[in-house]
Amino acid sequence: MNTRTIIPIGPYHPLQEEPELFRLYCDGEIVRDIEWETGYNHRGIEKINESKTFDQVFFVVERVCGICSTSHPFAYANAMEEIARTEIPDRAKYIRTIIAELERLHSHLLWVGLAGHFLGYNTVFMWAWKYRENVLDLFEKITGNRNNYAMFKIGGVRRDIPDSSIGDIRKLLDILKPKADLLTGAVMDDPVIHARTKNIGILSREDIMNYGAVGPTARASGVDMDVRKDDPYAAYPLVNWKVITAEEGDVFAKARVRLLELYESISIIEQCLDKLPRTKEGNISATVKNIPEGMGFGRAEAPRGEVFHFVKSDGSNSPVRHKIRAPSYVNVATFRKSCVGQTIADATIILAAVDPCYCCTERMAFAYDYYSGRKVFNGIDLVKLSQEKTNAIKMSI
Amino acid sequence: MGGINYKILPEILKLNFNGDIRRIIVQQRKRLVIHIRKEALPEIANYFLDELSYRFIIATGMVNDNGFDIIYHFSDDKTGYIINLQTSLPENNPEIESLANIINAANWIEREIHELFGIKFINHPNLTKLISEGNWKDNDHPYARKKRNEFNPDEL
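Residues numbered from 1 in each chain as written. Chains lettered and ligands numbered in written order. Predicted model: local features only at pLDDT ≥ 70, side-chain atom pairs only at ≥ 80, totals over all residues. Heavy atoms only, no water.

**Overview of the overall build of chain A**
Along the backbone of chain A there are 16 helices and ten strands. At 22 Å, chain A has a C-alpha radius of gyration in line with the 21 Å of a compact globule built from 397 residues. Taking all 397 residues of chain A together, 58% fall into the buried category. Across chain A, every contact between residues at least 6 apart in sequence was considered, and the portion connecting residues at least 24 apart equals 69%. In the structure as shown, chain A presents an accessible area of about 15700 Å², 53% of it carried by carbon and sulfur atoms. Charged side chains in chain A number 51 positive and 52 negative. The centres of these two groups are separated by 4 Å. (Helix = DSSP H or I, 4+ residues; strand = E, 2+ residues; numbered from the N terminus. Rg over C-alpha atoms; globule rule 2.2 N^0.38 Å. Buried < 20%, exposed > 50% of the residue type's maximum accessible area, 1.4 Å probe, protein only. Contact = heavy atoms within 4.5 Å. Areas by Shrake-Rupley, 256 points an atom, 1.4 Å probe, with all protein chains shown as cover. Lys, Arg positive; Asp, Glu negative; His and termini not counted. Charge placed at Lys NZ, Arg CZ, Asp CG, Glu CD.)

**Digging into the overall build of chain B**
Looking only at helices and strands, chain B features three helices and seven strands. Of the regular secondary structure in chain B, the N- to C-terminal order runs α-β-β-α-β-β-β-β-α-β. For chain B, buried positions account for 54% of its 156 residues. Considering only residue pairs separated by 6 or more positions, chain B has 49% of its internal contacts joining residues 24 or more positions apart.

**Quick look at the side chain of B:Glu112**
Take B:Glu112: it is sitting in helix H3 (residues 106–117). Owing to a relative accessible area of 3%, B:Glu112 belongs among the buried residues under this scheme. Residue contacts for B:Glu112: discarding those within four places in its chain leaves A:Lys323, A:Tyr329, B:Leu130 and B:Ile131.

**Thoughts on the nonpolar core**
Core analysis: the largest hydrophobic core is formed by 152 residues, its most contacted members being B:Phe56, B:Tyr72, B:Ile83 and B:Leu85. Excluding residues within four positions of it along the chain, B:Phe56 makes contact with A:Gly212, B:Leu49, B:Tyr72, B:His73, B:Phe74, B:Leu99, B:Ile103, B:Ala105, B:Ala106 and B:Ile109. Grouped together as the second largest cluster of nonpolar side chains are eight residues, A:Leu203, A:Ala213, A:Ala218 and A:Val330 included. (Core = buried A, V, L, I, M, F, W, Y, C linked by side-chain atoms within 4.5 Å.)

**Here we look at the side chain of A:Arg104**
Residues and elements named next belong to chain A. Among the structural elements, Arg104 can be located in helix H4 (residues 90–118). With relative accessibility at 1%, the residue Arg104 sits in the buried group. From its side chain, Arg104 meets the backbone oxygen of Ala302 in a polar contact 3.3 Å long. Beyond its immediate chain neighbours, meaning those up to four positions away, Arg104 contacts Arg228, Tyr236, Glu261, Ser265, Glu301, Ala302 and Pro303. (Polar contact = N/O pair within 3.5 Å; in protein donor to acceptor, adjacent residues only side chain to side chain.)

**Concerning the packing of aromatic side chains**
In total, this model carries 19 aromatic pairs over all chains according to the counting rule given. Seen in terms of ring centroids, A:Phe74 and A:Phe152 are 5.0 Å apart; in terms of plane orientation they differ by 55°. Their pairing is tilted. Of this pair, A:Phe74 sits in helix H3 (residues 71–84) while A:Phe152 sits in strand S4 (residues 152–153), placing them 78 residues apart in sequence. With a centroid separation of 5.2 Å and 50° between ring planes, the pair formed by A:Phe125 and A:Trp129 is classed as tilted. With A:Phe125 and A:Trp129 both in helix H5 (residues 122–143) and four residues apart, this pair spans about one turn of that helix. Among the residues examined, A:Trp129 registers a relative accessible area of 30% and is labelled partly exposed. Three or more aromatic residues link up through ring pairs in this structure, and these residues are B:Phe17, B:Tyr47, B:Phe48, B:Tyr54, B:Phe56 and B:Phe74. Of note, A:Lys47 hangs over the ring of B:Tyr143, and the distance from its end group to the ring centre comes to 5.8 Å. Above the plane of the ring of A:Trp241 lies A:Lys229, whose end atom (NZ or CZ) is 4.2 Å from the centre. (Phe/Tyr/Trp six-rings, centres within 6.5 Å; stacked < 30°, edge-to-face > 60°. Lys NZ or Arg CZ within 6 Å of the ring centre and 35° of its normal.)

**Topic: the packing of helix H11 (residues 251–275) of chain A against helix H14 (residues 344–353) of chain A**
Residues and elements named next belong to chain A. Viewed as axis vectors pointing N to C, H11 and H14 meet at an angle of 35°, and their least axial separation amounts to 10 Å. In the crossing of H11 with H14, the sense of the turn from one axis to the other is left-handed. Facing H11, whose interface residues are Val251, Lys254 and Arg258, H14 presents Ile349, Ile350 and Ala353. Of the residues assigned to the contact of H11 with H14, the class counts are four nonpolar, no polar and two charged. (Axes fitted to C-alpha atoms, helices over the stretch in contact; angles between N-to-C directions. Left-handed = near helix turned anticlockwise from the far one by under 90°. Nonpolar A, V, L, I, M, F, W, Y, C, P; charged D, E, K, R; others polar.)

**Digging into H4(A)**
Spanning 29 residues, H4(A) covers 42 Å between terminal C-alpha atoms, matching the ideal 42 Å at 1.5 Å per step. Here H4(A) lies mainly inside the structure; 27 of its 29 residues are buried. (Expected span 1.5 Å × (residues − 1).)

**Description of the domain arrangement of chain A**
Residue and element names in this part refer to chain A. Taken domain by domain, chain A holds domain 1 (4–42 + 343–396) and domain 2 (45–325). Placing the centre of domain 1 and that of domain 2 at their C-alpha centroids yields a distance of 26 Å. Taken together, the contact pairs 15 residues of domain 1 with 22 residues of domain 2. The tally of links between domain 1 and domain 2 comes to one salt bridge. When the shortest N-O distance is used, the salt bridge between Arg196 and Asp346 registers 3.8 Å. Where the side of domain 1 that touches domain 2 is concerned, the elements lending two or more residues are H14 and helix H15 (358–361). Looking at the side of domain 1 that touches domain 2, the element that brings in the most residues is H14, giving seven residues. For the side of domain 1 that touches domain 2, the residue count by class is ten nonpolar, one polar and four charged. (Domains from an automatic or database assignment. Salt bridge = Lys/Arg side-chain N within 4 Å of Asp/Glu carboxyl O.)

As structure tokens, then:
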């Protein structure tokens, strides 16, 4: 008789920072099948955007993902500039590229920390997140925010990086470089990490094409694919850098790709800072008067892979349809391939290896009673609830 | 295999799929929208995926005046082109052949479009709800409403 144990991970689980449910169908120690259930956090952003003006959409898409809050506005800006057929000033291109690469730095550092944590190697977690603080400080210096930078708009960027502050930014970058060396050494040479991650969760080139996986997940399996090179945008064609790939396709290869990308990102930022003073200070935005009827297909390489935005406009001031495809949407589907046949102990690091971001994947939230079909909370109830709580806190002080 | 000359792509497509191609629109540089007959979708998608090694990005469902539009987005990672296959479905009983048996990446998005727009994908291996299993009334498709610009969370 064929009996299998079901091990649920989630929907609310201390290991995962966001709600999602994995069902591992196990035969002894070996995972035989995996099911994924989502929808705990869907916010309906695609539909909400139809009721916003083109400029307001930037602030909504920035909140699609909690970690890579620049990649979605970047892809959306690319899509809108395709519809409007606008060429943005060079200075805006460099600033956009600097922000996007800084984001890759902080996101990869965050992943390295989490991966160490999942392996039970909390020293890496502490180090990586400590060094990530420096990147967030840089963000605060440039944009005024540690996350949700609100830098993008149609035709350019909202804030300039003054030439006078470039020296300070460089100083912070210089602090970061030896720390990246330290971290890379700690991960690449550690025998425990080798034992836990090599030959684990292998994805072949065919799997990548079949599941349409993108980003470091695809590059670690030898698929040389990077939107920054394939379909160049912003300042990426103006600077020198190379696409990092690995052939093995296991968890270690994914870690190596991400760690080596740290150096590429630092190098891109430095080149952009070199070229920034050659452009006119303050010339950061092209004027876009109206958005004509048309379709825009915008892409950007987020830390996790290709973000795809499709916008259809009909000449009015808001989108008719806005489709968002986050990289985790296709990367998470590869679990069926990478987890099956592995042990339960390895499943967590395999799940973590694609750097899944669930709030990217889902976009709507509502509360319904399952049995009666009655709404449990609507918008007004939630506001009321929030006000009551605020008042209760005020009273207690 | 890659490196295809996009100047002659329209002619190649017309040669191979004469009658199935309705219109080819060059939207922008590197962006093509190809309107096709819905019956020919698996054949043409297979041509792009197998013969030309394109990557499946995603599909988009849309509401139009007479029913629905579906756009399938494909990417050529060697040249940066995005090829979009667009097809229209009637408002009553919208059905289209599933691509999930050809390419796995289409599995989830077809479930999502089925749930949000009520479009039926024929021969899909597992056409269940993707995001709101157990939370949403059956046969209520939130994105299929024709109203726009009037988003009201209390209506949900």
